[in-house]
Amino acid sequence: MALAHAILAALVDAPCSGYDLAKRFDGSVGFFWSASHQQIYRELAKLEEQGWISSESILQAGRPDKRLYSVTDLGEQHLKEWIAQPCEPTPIKDDLLVKIFAGHIVPNQIILAELENHQKAHQKKLSTYHNLEQHYFQNPQELPESGKFQYLTLLNGISYETHWLAWCNQVMELLNQTIEK
């Protein structure tokens, strides 16, 4: 997936400024497609050149003008066509798995320390996802159609983090048993 599609997906429901889009991106699409704010701004310029988005300058008193971006009909059509195309599962690229694969060449404590760091990060993300679920998705059956589809991505995140933590616990238990022998 190109960053362009993630931006179109984030903008399709409501226009916003580049700054607000970057913030919105961090709290939604950014959970499964990361991009820096600079990358987002560069892509906005390209999307506007292609006619997939348009922008409007909003005058602000005492502050620089704000550009409000929205998806054009052409951009929405492109997004629909892209959604309709089949996609392949994304290959895993994970430094931790490479370290564990070759972990037998270092003391287990090194791998365990790395796992503990990752465990904390995944637990924090799972907590964030549960907070989002409680705040925005308490009654998924009552959500508008767009909200239901956003909820489905959140469910994937919750499932991923839950599975990751279960796997991490298994690995740590196995490595701790090896140390005890």
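Before reading on, note that the structure itself is shown above.
Reference entry: report on the structure contained in this document. (Residues numbered from 1 in each chain as written. Predicted model: local features only at pLDDT ≥ 70, side-chain atom pairs only at ≥ 80, totals over all residues. Heavy atoms only, no water.)

1. Regarding the packing of helix α2 (residues 18-26) against helix α3 (residues 37-50)
Interhelical geometry of α2 versus α3 gives an angle of 125° and a closest axis separation of 10 Å. It follows from the interaxial angle that α2 and α3 lie oblique. As α2 packs across α3, the resulting crossing turns out to be right-handed. Packed against α2, whose contacting residues are Gly18, Tyr19, Leu21, Ala22, Phe25 and Asp26, the element α3 presents His37, Ile40, Tyr41 and Leu44 at the interface. When its residues are assigned to classes, the contact of α2 with α3 shows 7 nonpolar, 2 polar and 1 charged. (Axes fitted to C-alpha atoms, helices over the stretch in contact; angles between N-to-C directions. Helix = DSSP H or I, 4+ residues; strand = E, 2+ residues; numbered from the N terminus. Parallel < 35°, antiparallel > 145°, perpendicular 65-115°, else oblique. Left-handed = near helix turned anticlockwise from the far one by under 90°. Contact = heavy atoms within 4.5 Å. Nonpolar A, V, L, I, M, F, W, Y, C, P; charged D, E, K, R; others polar.)

2. Describing the packing of aromatic side chains
To describe a pair of aromatic rings, one takes the distance between the centres and the angle between the planes. Taken as a whole and judged by the stated rule, the model has 4 aromatic pairs. Between tryptophan 164 and tryptophan 167 the ring centres are 5.5 Å apart and the planes differ by 65°, which places this aromatic pair in the edge-to-face class. Of this pair, tryptophan 164 and tryptophan 167 both sit in helix α7 (residues 145-180), 3 residues apart, which is roughly one turn of the helix. We classify tryptophan 164 as buried; its relative accessible area is 8%. (Phe/Tyr/Trp six-rings, centres within 6.5 Å; stacked < 30°, edge-to-face > 60°. Buried < 20%, exposed > 50% of the residue type's maximum accessible area, 1.4 Å probe, protein only.)

3. Quick word on the pairing of strand β3 (residues 66-71)
Strand direction decides the pairing type here: strand β1 (residues 16-17) and β3, joined by 2 bridges, are antiparallel. In the strand pairing of β3, cysteine 16 is matched with tyrosine 69. Pairing geometry for strand β2 (residues 53-58) and β3, over 6 bridges, is antiparallel. Within the sheet, the bridge partner assigned to isoleucine 53 lies in β3 and is valine 71. (Pairing = 2+ DSSP bridges.)

4. What to know about the side chain of serine 17
Turning to its location among the elements, serine 17 is positioned in strand β1. Apart from the residues within four sequence positions on either side, serine 17 is in contact with Lys66, Arg67, Leu68 and Tyr69.

5. Focus on the sheet that holds β2
Strand order across the open sheet formed by 3 strands is β1-β3-β2, with antiparallel pairing between neighbours. Where the open sheet ends on each side, the last strands, each with one partner, are β1 and β2. Packed onto the sheet, helix α1 (residues 3-11) meets β1, β2 and β3 and runs at close to 95° relative to β3.

6. Examining the environment of lysine 120
Mapped onto the secondary structure, lysine 120 falls in helix α6 (residues 108-136). Using a relative accessible area of 60% as the deciding quantity, one classes lysine 120 as exposed. For the pair lysine 120 and valine 171, spaced 51 residues apart in the sequence, the C-alpha separation amounts to 15 Å.

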